[in-house]
Amino acid sequence: QVQLVESGGGLVQAGGSLRLSCAASRSIFSINAMGWYRQAPGKQRELVATITTGGRTNYADSVKGRFTISRDNAKNTVYLQMNSLKSEDTAVYYCNINPWRQAYWGRGTQVTVSS
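Residues numbered from 1 in each chain as written. Predicted model: local features only at pLDDT ≥ 70, side-chain atom pairs only at ≥ 80, totals over all residues. Heavy atoms only, no water.

A. Geometry of the overall build of the chain. Scanning the chain from N- to C-terminus turns up one helix and ten strands. Taken against the 2.2 N^0.38 rule, which gives 13 Å for 115 residues, the C-alpha radius of gyration of the chain at 13 Å falls within 12% of a compact globule. Counting only C-alpha atoms, the chain reaches 40 × 25 × 20 Å along its principal axes. Sequence separation of 24 or more characterises 54% of the internal contacts of the chain that already satisfy a separation of 6 or more. For the chain, the accessible area works out to roughly 6300 Å², and carbon and sulfur atoms hold 45% of it. A gap of 6 Å separates the mean positions of the 13 positive and 6 negative side-chain charges of the chain. (Helix = DSSP H or I, 4+ residues; strand = E, 2+ residues; numbered from the N terminus. Rg over C-alpha atoms; globule rule 2.2 N^0.38 Å. Contact = heavy atoms within 4.5 Å. Areas by Shrake-Rupley, 256 points an atom, 1.4 Å probe, with all protein chains shown as cover. Lys, Arg positive; Asp, Glu negative; His and termini not counted. Charge placed at Lys NZ, Arg CZ, Asp CG, Glu CD.)

B. Structural view of the pattern of salt bridges. Evaluation of the coordinates by the stated rule reveals four salt bridges. Between E46 and R38 there is a salt bridge; the shortest N-O distance is 2.7 Å. Among the salt bridges present, the one from D89 reaches R66, with a minimum N-O distance of 2.7 Å. Separated by 23 residues along the polypeptide, D89 in the loop between strand 8 (77-82) and strand 9 (91-97) and R66 in the loop between strand 6 (57-59) and strand 7 (67-72) bring together distant segments of the chain. For the pair shown, D89 and R66 are each scored as buried. When salt bridges that share partners are traced, they join R38, E46, R66 and D89 into one network. (Salt bridge = Lys/Arg side-chain N within 4 Å of Asp/Glu carboxyl O. Buried < 20%, exposed > 50% of the residue type's maximum accessible area, 1.4 Å probe, protein only.)

And the structure:
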């Protein structure tokens, strides 16, 4: 059974940092590019960052230079280091493969940035 479990969210002041983690089933982690996505209230879910199995990364313009995606293949875990957080980063953050698959969405982790 495929599982993706996000953690690490919380409440942080603007300018602060958080590190999100996503533990994935080995069956999908080892062969797929992974992505972090987010959904803010009243908005559609959007792609934030991606990383290939080889470690190549890509970022949405809105987070470029502030967020860093990484993966630990030994732990089947993908991370999102978020620095210089802004109020507009407030959202529920999810991980999934890239491109995403509907059946793989987990519960996500809430990130709230107070200004």
